[in-house]
Amino acid sequence: MYRGVTTFKCTECQQIFEADFYDCDNHWHAIPPLCPNCGRLRTMPMLLADDEGQRHDYLHIWEECERIAKEKEEKRLKSEAKWLANEEKQRKIREKIRKRKAKK
Ligand SMILES: [Zn+2]
């Protein structure tokens, strides 16, 4: 659910930035936005970033989000590989047709 714009802090590079706050579990835990500086997912609302307990909670969220991101990336790479294989097949077919035409 969308909760508005919030100030986030990256726990990796300490970058502070504003991003949309979507909560992921109705416990006011934000879906971590990507850090605009280092591109990592280890971000959390700035107001909570110094709270040990909150950081502990967010550790699980980050790990889950990183797992999902990794799965998405793997799927994307697989479909890209498939697409490239198809592209290669089509190229060979076009090549064959061209050769056949050249013979005539
Ligand atoms: Zn960062």
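Small disclaimer: the values here were computed from a predicted structure and weren't measured. (Residues numbered from 1 in each chain as written. Predicted model: local features only at pLDDT ≥ 70, side-chain atom pairs only at ≥ 80, totals over all residues.)

(A) Looking closely at the sheet that holds strand 1 (residues 2–10). Here we have three strands laid out as an open sheet, ordered 2-1-3, and antiparallel in their pairing. Strands at the two margins of the open sheet, each flanked by one partner only, are strand 2 (16–22) and strand 3 (43–45). Sheet twist, expressed as the mean angle between neighbouring strand axes with direction ignored, is 45 degrees. Looking at chain direction, strand 1 and strand 3 are connected through three bridges and run antiparallel. The residue of strand 3 that forms the bridge with Phe8 is Pro45. (Pairing = 2+ DSSP bridges. Helix = DSSP H or I, 4+ residues; strand = E, 2+ residues; numbered from the N terminus. Axes fitted to C-alpha atoms, helices over the stretch in contact; angles between N-to-C directions.)

(B) Examining the pairing of strand 1 more closely. Of the strand pairs in this sheet, strand 1 and strand 2 are connected by six bridges, and their pairing is antiparallel. For Thr7, the partnering residue across the bridge sits in strand 2 and is Glu18. Between strand 1 and strand 2, which pair antiparallel and follow one another directly, the connecting turn spans five residues, one of which, Gln14, has a positive phi of 70 degrees.

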